[in-house]
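# Examination of the molecular architecture
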Amino acid sequence: MAVNEAEREAMSRALELAARGPRGVNPQVGAVILSPDGEVLAEGWHHGAGTPHAEVDALSKLAPGAAKGATAVVTLEPCNHTGRTGPCAVALIDAGIARVVYALDDPGVVSGGGAERLRGAGVSVEAGEQADAAHALIEGWLTAQRLGRPHITVKWAQSLDGRAAAADGSSQWITGPAARADVHRRRAEADAIAVGTGTVLADDPALTARAGDALLPHQPVPVIIGSRSTPADAAVHRHPHTPLFYDTHDLRAAIADLHERGIQSVFVEGGPTLASAFIAAGLADRVLSYIAPVLLGGDRLALTDIGVGSIGDALRLTVDEWVPLGPDLLVIAHPANAPRSQNPRSQNEGAA
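Just so we're clear, the structure is a prediction, and the values are computed from it rather than from any experiment.

Attention now moves to the sheet that holds strand 2 (residues 40-45). Sheet strands pair via backbone hydrogen bonds, and the direction of the pair is either parallel or antiparallel. An order of 2-1-3-4-5 is seen for the five strands of this open sheet, with the pairing classed as mixed. The open sheet has two free edges, formed respectively by strand 2 and strand 5 (124-127), since each of these has just one partner strand. Neighbour-to-neighbour, the strand axes of this sheet turn through a mean angle of 15°, independent of strand direction. Here strand 4 (residues 99-104) runs beside strand 5; their pairing, made up of four bridges, is parallel. Counted as the bridge partner of tyrosine 102 is alanine 127 from strand 5.

What follows is the structure in structure tokens.
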């Protein structure tokens, strides 16, 4: 049975609701309950670890028996295990839900399998509706489930001829205002922003997410990686969050610690050395290249050694999007061999 217009609209609404939930050990999930004729009966979303999941939150707003024969539209496959809360699949079955439409499979070995349980109880199930939008919303959580580390975006700005700075080292501003505003918006979507000590010493960045001079509501935690000392009066020390410092060249160790701290997405913005190190280590899940229509020449390349010795070793990328930003162009891409949407069941339990 194909997804109908009411269910598509309900999924769009469920994604809006999901975004209200906090980012953390649990995914952001939204749910909408529809009557058999497509009317909205109730809405819900996950409010944080230990609270009712989105489906149960929505069902709690209905009188007993009111969900019988209804459709539940959910951004993530209803869970199938008992943690701090019970299985959502069972809650839907017990409520008399006749149909479930969801966007993404739950990748957890223990928490996944809700769709199979629902089908076993005679519930009609449809998967994959607006999967890309749902994936984008909880990409950090999905990466944490699949790889046991945060989702990592590596960003750089460059001239058309691939330079990050002019011969004298000046780099402000290669790109224009629209591109810089886009960077700040994307910073605000990340849990952490990472730079190297070289960038701190050269540019003294604030590492905040701003709209003009105003701070955006969500600020990424600043992360400084490298062995050189950071001046006590550096701008990063005035960040709303206390900076995290990693005096190490072991990027995996630093990323593992961020994962332990509950950070699920990292925005790497730390210059050619750090960007290249993340790419060479195979830690870049996404790259953002802001390209300005200027020529600089010289040897200050946007990327340095990434471990490519010959054309056969080239890191192939799949372009997800080309975004014009005033005179500049943003290229969004990911390693060609990386999965992007429906993730396989991981070896980690899903959160509850």
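Looking now at the environment of proline 327. Here proline 327 is to be found in the loop between strand 14 (317-325) and strand 15 (328-335). Classification of proline 327 by relative accessible area gives exposed; the value is 63%. For the pair proline 327 and alanine 103, spaced 224 residues apart in the sequence, the C-alpha separation amounts to 36 Å.

Our focus in this paragraph is the pairing of strand 13 (residues 286-292). Burial runs high along strand 13: seven of the seven residues are buried. Two strands pair when backbone bridges link them, and strand 6 (residues 151-159) and strand 13 are joined in this way by seven bridges, in the parallel orientation. Within strand 13, the position partnered with tryptophan 156 by the bridge is serine 289. Two strands pair when backbone bridges link them, and strand 13 and strand 15 are joined in this way by five bridges, in the antiparallel orientation. Considered in strand 15, the bridge of leucine 288 is made with isoleucine 332.

Counting 40 residues, the largest nonpolar core has Ile33, Ala72, Leu92, Ile97, Val100, Leu104 and Leu118 as the members making the most contacts within it. The contact partners of leucine 92, leaving out residues within four places of it in the chain, are Glu55, Leu59, Ala72, Pro78, Ile97, Val100 and Leu118. Ala164, Leu258, Ile263 and Ile279 belong to the second largest nonpolar core, which has 27 residues in total.

Right, let's get into the pairing of strand 6. Counting buried residues along strand 6, eight of its nine residues qualify, which places the element largely inside the surrounding structure. Where strand 6 meets strand 12 (residues 265-268), four bridges bridge the pair, whose relative direction is parallel. Counted as the bridge partner of threonine 153 is phenylalanine 267 from strand 12.

The next thing to look at is the side chain of histidine 46. Mapped onto the secondary structure, histidine 46 falls in the loop between strand 2 and helix 2 (54-59). The class for histidine 46 is buried, based on a relative accessible area of 4%. Reaching out from histidine 46, the side chain makes a polar contact with the backbone oxygen of glycine 48 at a distance of 3.1 Å. Only 3.2 Å separates the side chain of histidine 46 from the backbone oxygen of proline 52, close enough to count as a polar contact. Beyond its immediate stretch of four places on either side in the chain, histidine 46 contacts Gly21, Pro22, Asn26, Pro27, Val29, Thr51, Pro52, His53 and Ala54.

Turning our attention to the layout of surface pockets. Volume-wise, the largest pocket comes out at about 1,300 Å³. Put simply, the parts of the chain that give the lining of the largest pocket at least two residues each are strand 6, helix 7 (177-188), strand 7 (192-196), helix 8 (197-203) and helix 10 (271-280). Here the lining of the largest pocket is built from residues that sort into 21 nonpolar, 16 polar and 10 charged. Of the volumes computed, that of the second largest pocket is approximately 860 Å³. Lining the second largest pocket are 31 residues; nearest its centre among them are Ala136, Leu137, Glu139, Glu189 and Arg286. Counting only elements with at least two residues in the lining of the second largest pocket, the list comes to helix 5 (131-137), helix 6 (139-147), strand 6, helix 7, strand 12, strand 13 and strand 14. Looking at which element gives the most residues to the lining of the second largest pocket, the answer is helix 5, with four residues. Partitioning the lining of the second largest pocket into residue classes produces 10 nonpolar, 10 polar and 11 charged.

Definitions and cut-offs
- Throughout, a residue's number is its position along its own chain's written sequence, starting from 1.
- Restriction of local features to residues with pLDDT of at least 70 applies here, the model being predicted, together with a cutoff of 80 or more for giving and counting side-chain atom pairs; totals for whole chains, interfaces and linings are based on all residues.
- Each side-chain value is worked out from all heavy atoms of the structure, with water and hydrogens disregarded.
- When DSSP locates at least two bridges between a pair of strands, those strands are taken to pair.
- A run of H or I in DSSP becomes a helix once it reaches four residues, and a run of E becomes a strand once it reaches two; helices and strands are each numbered from the N terminus.
- Axis lines are fitted to C-alpha atoms, over the contacting stretch for helices. Their N-to-C directions set the angle, which ranges from 0 to 180 degrees.
- Between buried and exposed lies partly exposed: a residue is buried under 20% and exposed over 50% of the maximum accessible area for its type, with that area taken using a 1.4 Å probe on protein chains only.
- In these notes, a set of buried Ala, Val, Leu, Ile, Met, Phe, Trp, Tyr and Cys residues joined through side-chain atoms within 4.5 Å is what counts as a nonpolar core.
- In this analysis, two residues are considered to be in contact whenever any of their non-hydrogen atoms come within 4.5 Å of each other.
- Here a polar contact means two N or O atoms within 3.5 Å. Within protein one must be a hydrogen donor candidate and the other an acceptor candidate, and residues neighboring in sequence count only if both atoms are side-chain atoms.
- Here a cavity denotes a set of grid points, spaced 1 Å apart and computed over the protein atoms alone, in which a 1.4 Å probe fits but from which it cannot get out, and a pocket denotes an open set meeting protein on both sides within 12 Å along at least five of seven lines; residues with an atom within 4 Å of a point are reported as lining.
- Grid points are joined across faces, edges and corners, and a volume is the space filled by probe spheres set on the points.
- Classification used: nonpolar for Ala, Val, Leu, Ile, Met, Phe, Trp, Tyr, Cys and Pro, charged for Asp, Glu, Lys and Arg, polar for all others including Gly.

Remember, this is a structural readout, not a statement about activity or role.
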